[in-house]
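Structural characterization, general
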Amino acid sequence: MSRPPTQHAPIVRSNTLEAVFIDPDDPLQSRQDLPKVIKHARVTYDDTSTPISSPRLERFSKIIFPRPSHPLQPARISEWTNIGSFPSPLQNNPSQLNLGLSFVGSRETILVDIISDAENTTMSRELVRAGPRKELAFHPSNQARPCIVTCGGLCPGLNSVIRELVMTLKKMYRVSRVDGIPFGYRGFYSTHMTIAELTEERVCDIHHEGGSIIGSSRGGHDTKRICDSIVAMGYNQIFIIGGDGTHRGAVKIFEELKRRRVMASVVGIPKTIDNDIALIDKSFGFDTAVEEAQRSIKCAKIEAKSAINGIGLVKLMGRHSGQIAMFATLASRDVDCCLIPEVHFELDGKAGLFQYIEDTLRRKGHMVIVVAEGAGLELIEREIESSDFDESGNKKLSDVGLWLKTHIVSDFRMRGREINLKLIDPTYEIRSVPANASDNLHCSLLAQSAVHGAMHGFSGFSVGMINTHFVLIPMEEICRRGRTKVDVKSRMWHRVIATTMQPSLSGESSHHGASMHGLIEALDGSLTFRNANSNSVFKPASQPTVFEPDEDSEDE
Ligand SMILES: Nc1ncnc2c1ncn2[C@@H]1O[C@H](COP(=O)(O)OP(=O)(O)O)[C@@H](O)[C@H]1O
Ligand SMILES: O=P(O)(O)OC[C@H]1O[C@](O)(COP(=O)(O)O)[C@@H](O)[C@@H]1O
């Protein structure tokens, strides 16, 4: 591929192009010099140079520079103990696996921030690219001693990740034995549980089943006992599949093993059905959950349409984040009201939920409501006190589905209005199904990325997909950021409002609420309003600012 001369632009990158231009003769291009270089960098194309032939290059118009203060490098075991250096067995069979040409170089990174601003340049965080490395820190067949553990709640795809970890370790790297730790962190040290070998035969078909063949649990994290057991068993690659709580536990294990100068790689594979882990494009199992949720929404709609004043109420998971509810609502387009933890709503009042139900039933004769399990928590807590916590310290929530059903039914009874409400709660059904095709693939690539990173000697990292590429993320980054939430100023949430046409549900009728009520996103992308009272439709001359997304909203 011909490249433009880069006298003033040592490194030119664009994620859309997936091209990196590096001038090996330019001494300014060392990593340390980047901040200085970036300051003065300008791209100039020399008129006398060969014309750019690739149409992909012609589209290149913006420059995205790595943000120098955010290298986000995962730790290397070599930082605290001596490691070996072994050629990857993948080098020996390039024709068989066709991997000979695709080893990842030490400087390959993936840019995180790819939405370009109005200026000519954009700064981006960068993360180390995942993938097979030429050099390994572990002799794969003689030295590597991996184990796998799954923690927290179930999620579609756990078995797919386990399967691919085992297959990559055994088939690609010829590791002799892989162990499965039973029932989460406590399985490392519990005398009542047996650690089982995960053979190729054992895991071969498990991706067709939901759940985790090695079991999972909440609670039971004891850093000292876990690390003692890891050392006693001789494990040196610890693959930990779990959510934000699990990652906090994994960081403690990583730090303790590092303190003891143990040659071990601790690797996290982020799992959360709620899709609330920061940085990554999405977590595995989320697509499947949304797909399954849609089935329930469809059933709810059928029930609602077939009854007098039918209401289909679907409760979905999402303790802190309404992502499943939001995406299932958007994907199904059958929902009239989507209630999530991030958006406060009131039941009573002119702009409360009851009034909206009344209006919708009058207009359509039926309606579908989706509620995420953490929605309306403050309303429920006014009535039901809960001080119950699960073993991991998560607050146990009252059932919002039942609570809502009870209130809606009694309110309409008081109004003397007949309604037929059917509550569908598919929460545990959704998380116990096997992964769908796209999640299966996602799980495989996550598992492969995890193994390649561990084999190379990285530690204290997680794997994830960013801008469709797989990366290694320092675990602390995931813990530091905590759980993400639906950004109610984002364009995605505004699309939900445009789809459901739900008002603000704040209880009080306000200008804001009134204008939200009846918002329709026309096919051509323009916005049209329906006056909730008169049913007349008008198009505003200019877009209302209330629907403008925040410039820095990240979920687009
Ligand atoms: N702050 C923490 N420090 C150490 N371990 C933790 C921490 N939070 C949770 N864990 C452990 O992580 C595991 C899973 O946590 P949990 O919150 O149930 O699920 P998730 O990882 O899906 O968020 C449990 O074994 C729990 O003991
Ligand atoms: O009944 P359990 O096992 O505590 O799980 C329920 C919770 O798990 C969740 O699905 C979240 O789990 P993860 O983030 O661990 O996947 C919540 O939405 C839900 O409240």
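Before reading on, note that the structure itself is shown above.
Given the structure is predicted, the values throughout are model-derived calculations rather than measurements.

A closer look at the site of ligand 2
Inspection of the region around ligand 2 gives Gly-153, Arg-218, Lys-271, Thr-272, Ile-273, Asp-274, Met-317, Gly-318, Arg-319, Glu-373, Tyr-428 and Arg-431 as its neighbouring residues. Between Arg-218 and ligand 2, the recorded distance is 3.1 Å, taken from a side-chain N or O atom to an oxygen atom. A distance of 2.8 Å separates an oxygen atom of ligand 2 from a polar atom in the side chain of Asp-274. Relative to its unbound accessible area of 480 Å², ligand 2 is 84% covered by the protein chains. Here ligand 2 occupies the second largest pocket. Partitioning the shell around ligand 2 into residue classes produces three nonpolar, three polar and six charged. Here the shell around ligand 2 spans two domains, and each of domain 2 (135–283 + 435–481) and domain 3 (289–430 + 486–547) adds at least three residues to it.

A short note on the nonpolar core
In terms of nonpolar packing, the biggest core is built from 97 residues, with Ile-148, Leu-165, Phe-188 and Ile-238 touching the most fellow members. It is helix 4 (residues 158–172) that provides the largest number of residues to this core, a total of eight residues. Not counting chain neighbours up to four residues away, the residues in contact with Phe-188 comprise Cys-147, Val-149, Ile-181, Ile-226, Ser-229, Ile-230 and Ile-238. Listed in part, the 25 residues of the second largest apolar core include Tyr-356, Val-371, Ala-375 and Leu-505.

Concerning the site of ligand 1
Not every one of the 16 residues close to ligand 1 is listed here, only the nearest: Arg-218, Gly-219, Thr-246, Lys-252 and Ser-392. Note that an oxygen atom of ligand 1 is positioned 2.8 Å from one of the side-chain N or O atoms of Arg-218. Contact between ligand 1 and Gly-219: an oxygen atom at 2.5 Å from a main-chain N or O atom of the residue. Against a free-state accessible area of 550 Å², the protein chains account for coverage of 84% of ligand 1. Applying the majority rule of atoms within 2 Å of the grid points places ligand 1 in the second largest pocket.

Focus: the sheet that holds strand 18 (residues 420–424)
Spatially, four strands are ordered 16-17-15-18 in an open sheet, and the strand pairing comes out parallel. For this open sheet the edge positions go to strand 16 (337–339) and strand 18, each flanked by a neighbour on one side alone. Strand-to-strand twist of the sheet, defined as the mean angle between neighbouring strand axes without regard to direction, takes the value 15°. Across five bridges, the pairing between strand 15 (residues 310–316) and strand 18 is parallel. Looking at the pairing, Ile-311 lines up with Leu-421 of strand 18.

Thresholds applied
Residues numbered from 1 in each chain as written. Chains lettered and ligands numbered in written order. Predicted model: local features only at pLDDT ≥ 70, side-chain atom pairs only at ≥ 80, totals over all residues. Heavy atoms only, no water. Near = heavy atom within 4 Å. Polar contact = N/O pair within 3.5 Å; in protein donor to acceptor, adjacent residues only side chain to side chain. Areas by Shrake-Rupley, 256 points an atom, 1.4 Å probe, with all protein chains shown as cover. 1 Å grid on protein atoms, 1.4 Å probe; cavity = no way out; pocket = protein on both sides within 12 Å on 5 of 7 lines; lining within 4 Å. Sits in = over half its atoms within 2 Å of the grid points. Nonpolar A, V, L, I, M, F, W, Y, C, P; charged D, E, K, R; others polar. Domains from an automatic or database assignment. Core = buried A, V, L, I, M, F, W, Y, C linked by side-chain atoms within 4.5 Å. Buried < 20%, exposed > 50% of the residue type's maximum accessible area, 1.4 Å probe, protein only. Helix = DSSP H or I, 4+ residues; strand = E, 2+ residues; numbered from the N terminus. Contact = heavy atoms within 4.5 Å. Pairing = 2+ DSSP bridges. Axes fitted to C-alpha atoms, helices over the stretch in contact; angles between N-to-C directions.

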